[in-house]
Amino acid sequence: MDLVEFQGKQLFARNGVPVPPPGAVCRTVEEAVAAAGRILEDGASAVVVKAQVKVGGRGKAGGVKVVTSVDDARAAAEAILGLDIKGHVVHVLYLEPASDIAEEYYLSVLHDRVAKGDLIICSRQGGVDIEEVNRTDPAAVVKRQVVPSERADGLPRAVALEVVTAAQLPEEVREAAADLLVALFDAYLAEDATLTEINPLIRTPDDRVLALDAKVSLDASAAFRHDGYADWALEGVDGDDPLEARARAEGMQYVKLDGDVGVLGNGAGLVMATLDVVAQNGGRAANFLDVGGGASADSMAASLRLVLSDPAVRSVFINIFGGITRGEEVARGVLGAVEQLGDFPQRLIVRLDGTNAEEGRAILAEAAHPSIITAPTMQEAAAQAVEAARSAA
Ligand code: GDP
Ligand code: MN
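Below, the structure is looked at part by part. (Residues numbered from 1 in each chain as written. Chains lettered and ligands numbered in written order. Predicted model: local features only at pLDDT ≥ 70, side-chain atom pairs only at ≥ 80, totals over all residues. Heavy atoms only, no water.)

Brief notes about the overall build of the protein chain
Alright, step 1. Helix and strand counts for the protein chain come out as 12 helices and 18 strands.
Alright, step 2. With the principal axes as the frame, the protein chain shows a C-alpha extent of 75 × 55 × 35 Å.
Alright, step 3. Among the 393 residues that make up the protein chain, the fraction classed as buried is 51%.
Alright, step 4. Restricting the contact set of the protein chain to residue pairs at least 6 apart, pairs at least 24 apart contribute 69%.
Alright, step 5. Taken together, the 36 basic and 59 acidic charged side chains of the protein chain have centroids lying 3 Å from each other. (Helix = DSSP H or I, 4+ residues; strand = E, 2+ residues; numbered from the N terminus. Buried < 20%, exposed > 50% of the residue type's maximum accessible area, 1.4 Å probe, protein only. Contact = heavy atoms within 4.5 Å. Lys, Arg positive; Asp, Glu negative; His and termini not counted. Charge placed at Lys NZ, Arg CZ, Asp CG, Glu CD.)

Next comes the structure, spelled out in structure tokens:
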């Protein structure tokens, strides 16, 4: 899951990475005006108004403005709210006391899939597109692999100092930058991030270093280890599909597609096969959700609620192969979910196979719920689901 800048800065701050003084999250021009007024009254000489979208290059696109008056803050907020930055429409602003910049550097820690390790990247040239710097002047971009054995107790400070020295950060800020890198690495590990990027890392006129920007991606598969993980999902932040964002926040594997048959299955392989049979029967999946191992009434209800909240869904194909979760549990899960959800117009086509499938089908047959159709095979279920979607159209 990708965080927006202000969230990334919160995550940095709680791990000891220096950031500018805290600011305010605003969704309207009036909120922004009030926040700017407070920040200026508190003694800041300027306020920076920043678009909160999950895409870089906001500065160039007009999504970052430094202002020194409430009137200018109003104009900036009016200009930035609603702005389309590379397909991401701005709905949220972050206002913070503007920082004075002496120099801009680049610093990041990221998971390197190829090397299966962590990679630190540092450059004296920051605030610009680092890939471009890497192309035109590769020597200016320092990369340092960190192997797991090396970071058992966090990043050794000697390694941090070696990196910022190799990147030729000025001597006056090297110690502070090394401390910041150790903290950034702590944040990366503690939060199960796959990316923590600071561009620019700034040197202030009084030789402090601060993360002026923050780009953080968290590993969704580690969500279970973090209590507050779902809190990072910020509704309506940008162009994300809101249901995908909700599913991610709740740790579900959900993907939005553009057809009208909702697909719910257990296991990635079965879900993929389900999409195929829907297509073979002339239908198109509206989305798919992997319910994973469990098929309790609660998890089934949460999954179904999500799939049914997609207005494009005209029927739902529930395809479960019972393994550890037995057929009767699945059947009770589906019935319990339907009860929890109350009225909904879509038909649910259920195909149950695997452990105790017959018992499960018997439970569903006995319940004879008007919204539930059971089908013995995947092929028949797909045909029924496609047909149900068609006749509901
Ligand atoms: P990005 O363009 O999406 O990467 O957004 P950034 O947060 O990196 O901001 C872009 C640029 O705006 C930075 O490189 C700075 O030059 C400038 N900027 C951002 N915040 C401030 C600030 O507090 N003070 C000043 N003077 N400039 C800022
Ligand atoms: Mn940036």
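With respect to the pattern of salt bridges
Alright, step 1. Scanning all chains against the criterion turns up 25 salt bridges.
Alright, step 2. Lys9 serves as the salt-bridge partner of Glu96, at 2.9 Å between the closest nitrogen and oxygen. Of this pair, Glu96 sits in strand 6 (residues 93–97) while Lys9 sits in helix 1 (residues 5–13), and the two are 87 residues apart along the sequence.
Alright, step 3. Classification of Glu96 as buried rests on a relative accessible area of 1%.
Alright, step 4. Salt-bridge contacts for Glu191 lead to Arg14; the nearest nitrogen and oxygen are separated by 2.8 Å. (Salt bridge = Lys/Arg side-chain N within 4 Å of Asp/Glu carboxyl O.)

What about unusual backbone geometry?
The phi angle of most residues is negative, glycine excepted, and most peptide bonds adopt the trans form.
Alright, step 1. That bond from Asn199 to Pro200 is cis: its omega, 10°, falls within 30 degrees of zero.
Alright, step 2. Phi at Asp192 is positive, roughly 55°, even though this residue is not glycine.
Alright, step 3. What makes Asp192 buried here is its relative accessible area of 17%.
Alright, step 4. In this structure, Ala368 is a non-glycine residue whose phi angle is positive, near 45°.
Alright, step 5. Looking at the element boundaries, Ala368 is found in the loop between helix 11 (357–367) and strand 18 (372–375).
Alright, step 6. Looking at Ala368, the relative accessible area reads 56%, which means it is exposed.

Some remarks on the packing of aromatic side chains
Alright, step 1. Tallying each qualifying case throughout the model produces two aromatic pairs.
Alright, step 2. Ring plane angle 25° and centroid distance 5.7 Å describe the contact between Phe6 and Tyr94, whose orientation is recorded as stacked. Here Phe6 is found in helix 1, whereas its partner Tyr94 is found in strand 6, with 88 residues between them in sequence.
Alright, step 3. Its relative accessible area of 8% is what places Phe6 among the buried residues.
Alright, step 4. Taken together, a centroid distance of 5.7 Å and an interplanar angle of 50° make the contact between Phe185 and Tyr188 tilted. Within this pair, Phe185 and its partner Tyr188 are both found in helix 6 (residues 171–190), separated by three residues, close to a single helical turn. (Phe/Tyr/Trp six-rings, centres within 6.5 Å; stacked < 30°, edge-to-face > 60°.)

Things to note about the nonpolar core
One recurring pattern in soluble globular proteins is that nonpolar side chains are buried together.
Alright, step 1. Within the largest apolar cluster, 41 residues are counted, with the highest numbers of intra-cluster contacts made by Phe12, Ile120 and Leu181.
Alright, step 2. In terms of residue count, helix 6 provides more of this core than any other element does, 11 residues in total.
Alright, step 3. Not counting residues within four places of it along the chain, the set of residues in contact with Ile120 comprises Leu107, Ser108, Val109, Val142, Lys143, Arg144, Val146, Leu155, Val163, Leu181 and Phe185.
Alright, step 4. In this structure, Met252, Leu289, Leu304 and Val316 belong to the second largest nonpolar core, which totals 31 residues. (Core = buried A, V, L, I, M, F, W, Y, C linked by side-chain atoms within 4.5 Å.)

What to know about helix 8 (residues 268–280)
The periodicity of an α-helix, 3.6 residues per turn, causes residues three or four positions apart to be oriented the same way.
Alright, step 1. Under the 1.5 Å per step criterion, the end-to-end length of helix 8 is 19 Å for 13 residues, consistent within 8% with the ideal 18 Å.
Alright, step 2. Three or more residues of helix 8 are buried, namely Leu270, Val271, Thr274, Leu275, Val277 and Val278. Viewed along the axis of helix 8, the buried residues span an arc of 165°, placing them on a single side of the element. What points out from helix 8, more than 90 degrees from its buried face, is the exposed set Gly269 and Gln280.
Alright, step 3. Those residues of helix 8 that are buried are in contact with strand 14 (261–265), strand 15 (285–290), strand 16 (315–322), strand 17 (347–354) and helix 12 (378–392).
Alright, step 4. Phi for Gly282, located one or two positions after helix 8, is positive at around 80°. (Expected span 1.5 Å × (residues − 1). Arc of directions from axis to C-beta.)

A look at the packing of helix 2 (residues 29–41) against helix 3 (residues 70–80)
Alright, step 1. Direction vectors running N to C along helix 2 and helix 3 enclose 145°, while the axes themselves pass 9 Å from each other. Between helix 2 and helix 3 the crossing geometry is right-handed. For the pair helix 2 and helix 3, the contacting residues are Val29, Glu30, Ala32, Val33, Ala36, Gly37 and Leu40 in the first and Val70, Ala73, Arg74, Ala77 and Glu78 in the second.
Alright, step 2. Residues that form the contact of helix 2 with helix 3 fall into these classes: eight nonpolar, one polar and three charged. (Axes fitted to C-alpha atoms, helices over the stretch in contact; angles between N-to-C directions. Left-handed = near helix turned anticlockwise from the far one by under 90°. Nonpolar A, V, L, I, M, F, W, Y, C, P; charged D, E, K, R; others polar.)

Some thoughts on helix 10 (residues 327–341)
Alright, step 1. Taking 1.5 Å per residue, 15 residues should reach 21 Å; helix 10 reaches 21 Å between its end C-alpha atoms and fits that length.
Alright, step 2. Within helix 10, 11 of the 15 residues are buried, which leaves it mostly tucked inside the rest of the structure.
Alright, step 3. When helix 10 is considered as a whole, its buried residues turn out to be Gly327, Glu328, Val330, Ala331, Gly333, Val334, Leu335, Gly336, Ala337, Val338 and Leu341.
Alright, step 4. After helix 10 finishes, the residue Gly342 shows a positive phi value of roughly 70°.

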